[in-house]
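# Reading the structure
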Amino acid sequence: MADFPKRLLEDISGFPTLGPAEAIAQERMLAVIRKHFAAAGYAPLETPLVERPEVLAAKNEGEIANQIYGLRLLNPEEGASDEKDLALRFDHTVPLARYVATHARELPFPFRRSAIGKVLRGERAKDGRYREFLQADIDAVGHGALSLLHDAEMVAVIAGIFAELDFGPFTVRINNRKVLAAIIRHMGGEDAAMPELMRAIDRLEKAGKEKTALALVAHGMQQERAKELLEFLPAKRSAVETLAFLEGAGLDDEGKEGLAELKEVIKGVESMGVPPERYTIDLSIARGLSYYTGSVFETALDEHPDLGSIASGGRYDGLASAYTKEAYPGVGISIGVSRLLARLIKAGIVEAKAQTPAKVLVTTAERERLAEYLNYAKELRAAGVAAEIYLEEKPLDKQLAFANKKGFPYALIAMQEHFAKGVVVLRDLATGEQKELPPAELARALG
């Protein structure tokens, strides 16, 4: 039989495979994210990867409309399924909206949910973008109304997660789209073009001022006003300075409403103990999707601005408006785990070297002592220490070479002389240092 074509065995562009080292790094990140989501009371909600196209079409907008993947059987039997057309979710928000609209009578409001799972979009697989990627979201949903303290809590949750992940100094940038819309109108932007103007501003950091100004002019702004706007929006100010400026800026009624909301969110962030150096008001934050109606957030690593936003989100007052006449305002954040991890590894901020989750390899040089080696591993695992036991019949040097290649921090070694003394050897594989100790002390030494 001829070899299977190698080109067919390669990853499809935009659909990456994570090797053990990358997957372990991802699991460590997810463990922190899950801990903080749960600590704030956000319960996991598992929705299907598959949705009806009509459900997705009712909530998509802009480029996403052309990025939805369909699902079908390759060789369907006649009458195999009543569903002729199915589609794959492109985010976690649409499934949430459908779930809320369907189960509203059963849900306690405010409803808090977390969602960690894969989504798919038919984007061009370039600039570190994937077509299949993992997202971690939380959302709070109200019935009729939702306190702005939920918006503030989103900032607090983001701050807690990235403080523990310790990727370096970070800043959560906060804005309100009502304030931004009022400023754009003051600079000559028309409401009819507001979605396009917002999207242009959302791309400011990537596109630069010159291209963004051209986009603003293309959607009706005068060139001089566009340049003035792009000098004003990203200017660095403290939150106190920005709020003071906006007070005297002559905002219209919608802008004043947004300013009142922004003040309440900032007050809540302060009350929740978020350090002042971890957040700021940034009037250039827009978020491109027009379903955002108030607060918007983006987070960046201060020392690595080239990585872009590492967590984002905002307030949307019409969460389930496509599916029900009831009002279900919500606010949420999303962490694009797949793309963020890839960028952090590439930048050297996160190491992805260890190919095992275990802390120690139990070597088995003396095969007649296998039962005792197995017991060492069993006792370590029972004490909460992840331990792998080498089960192949190989000399000790081969086992240690395996341990180094796989990235174990430690190796447990016990030869006949050690058994005779009632001790084992714990070797630090990074330094080569080793010590003898009684088996009963292993778990504490590795803890």
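Preceding this paragraph is the structure being described.
### Details of the overall build of the protein
- Helix and strand counts for the protein stand at 15 helices and 16 strands.
- Counting only C-alpha atoms, the protein reaches 85 × 65 × 45 Å along its principal axes.
- Counting all 447 residues of the protein, 45% fall into the buried class.
- Considering only intrachain contacts with a sequence separation of at least 6, the fraction spanning at least 24 residues in the protein is 68%.
- With an accessible surface of roughly 23,100 Å², the protein has 51% of that area assigned to carbon and sulfur atoms.
- Charge centroids of the protein, computed over 57 positive and 66 negative side chains, lie 2 Å from each other.

### Concerning the packing of aromatic side chains
- Under the counting rule described, the total for this entry stands at 13 aromatic pairs.
- Both rings, one in Phe162 and one in Phe170, keep their centres 6.2 Å apart while their planes meet at 55°; by these two values the pair is tilted. For the residue pair Phe162 and Phe170, the accessibility class agrees, reading buried in each case.
- Stacked on the ring of Phe245, the Lys or Arg Arg237 has its end atom at 5.8 Å from the ring centre.

### Some words on the sheet that holds strand β9 (residues 295–301)
- In space, the 8 strands of this open sheet follow the order β1-β5-β6-β11-β10-β9-β7-β8, with mixed pairing throughout. The sheet is open, and its two borders are formed by β1 (43–44) and β8 (279–281), each paired with just one other strand.
- Both strand β10 (residues 311–316) and strand β11 (residues 330–336) contribute to a ladder of 5 bridges, which runs antiparallel. Within β11, the residue paired with Gly313 across the bridge is Ile333.
- In this fold helix α1 (residues 20–39) packs onto β5 (111–120), β6 (132–141) and β11, with an angle of close to 5° to the strand it touches most, β6.

### Some thoughts on the pairing of β9
- Most of β9 is tucked away: 7 of the 7 residues are buried.
- Across the two faces of β9 the burial is the same, with Ser295, Phe297, Thr299 and Leu301 and Val296, Glu298 and Ala300 all buried.

### A few points about the sheet that holds strand β3 (residues 70–71)
- The 3 strands are arranged β2-β4-β3 in an open sheet whose pairing can be described as antiparallel. Whereas interior strands pair on both sides, the edge strands pair on one side only; in this sheet they are β2 (50–51) and β3.

### Notes on helix α6 (residues 194–202)
- Those residues of α6 that sit buried are Met194, Leu197, Met198, Ala200 and Ile201. Relative to the axis of α6, the buried residues are bounded by an arc of 160° and lie together on one face.

### Considerations on a nonpolar patch on the surface
- Judged by side-chain polarity, Phe4, Leu8 and Leu9 come together as a nonpolar surface patch covering roughly 340 Å² of accessible area.
- Secondary-structure assignment places Leu8 in the segment before α1.
- Judged by relative accessible area, Leu8 falls into the partly exposed class, the value being 47%.

### Considerations on the environment of Leu134
- Locating Leu134 in the fold gives a position in strand β6.
- C-alpha separation for the pair Leu134 and Ile116, spaced 18 residues apart in sequence, amounts to 7.1 Å.

### Re the packing of helix α5 (residues 177–186) against α6
- Interhelical geometry of α5 versus α6 gives an angle of 105° and a closest axis separation of 11 Å. With respect to each other, α5 and α6 are oriented roughly perpendicular. Residue-level inspection shows Arg177, Leu180, Ala181, Ile184 and Arg185 of α5 in contact with α6, the latter providing Met194, Leu197, Met198 and Ile201.
- Within the contact of α5 with α6, the residues separate by chemical class into 7 nonpolar, no polar and 2 charged.

### A word on the pairing of β6
- Of all 10 residues that make up β6, 9 are buried, and the element is covered over most of its length.
- Here β5 runs beside β6; their pairing, made up of 10 bridges, is antiparallel. Residue Arg112 lies in a different strand from β6, and its bridge partner there is Ala140.
- Inspection of the sheet shows β6 paired to β11 by 7 bridges, in the antiparallel sense. Bridging from a neighbouring strand, Asp137 pairs with Ser334 of β11.

### Concerning unusual backbone geometry
- Looking along the chain, the bond that leaves Phe109 and enters Pro110 is cis, with omega of 0°.
- Along the chain, Pro110 falls in the loop between α3 (93–103) and β5.

### Some details on the pattern of salt bridges
- One pass over the full model with this rule turns up 25 salt bridges.
- Arg173 serves as the salt-bridge partner of Asp282, at 3.2 Å between the closest nitrogen and oxygen. Within this pair, whereas Asp282 is found in the loop between β8 and β9, its partner Arg173 is found in strand β7 (residues 170–176), the two being separated by 109 residues in sequence. Here Asp282 and Arg173 have matching classes, each one buried.
- Residue Arg185 pairs with Asp191 through a salt bridge whose shortest N-O separation is 2.9 Å.

Conventions and cut-offs
Residues numbered from 1 in each chain as written. Predicted model: local features only at pLDDT ≥ 70, side-chain atom pairs only at ≥ 80, totals over all residues. Heavy atoms only, no water. Helix = DSSP H or I, 4+ residues; strand = E, 2+ residues; numbered from the N terminus. Buried < 20%, exposed > 50% of the residue type's maximum accessible area, 1.4 Å probe, protein only. Contact = heavy atoms within 4.5 Å. Areas by Shrake-Rupley, 256 points an atom, 1.4 Å probe, with all protein chains shown as cover. Lys, Arg positive; Asp, Glu negative; His and termini not counted. Charge placed at Lys NZ, Arg CZ, Asp CG, Glu CD. Phe/Tyr/Trp six-rings, centres within 6.5 Å; stacked < 30°, edge-to-face > 60°. Lys NZ or Arg CZ within 6 Å of the ring centre and 35° of its normal. Pairing = 2+ DSSP bridges. Axes fitted to C-alpha atoms, helices over the stretch in contact; angles between N-to-C directions. Arc of directions from axis to C-beta. Patch = residues over 30% accessible without salt bridge, like charges linked within 9 Å, V, L, I, M, F, W, Y side chains within 5 Å. Salt bridge = Lys/Arg side-chain N within 4 Å of Asp/Glu carboxyl O. Parallel < 35°, antiparallel > 145°, perpendicular 65-115°, else oblique. Nonpolar A, V, L, I, M, F, W, Y, C, P; charged D, E, K, R; others polar.

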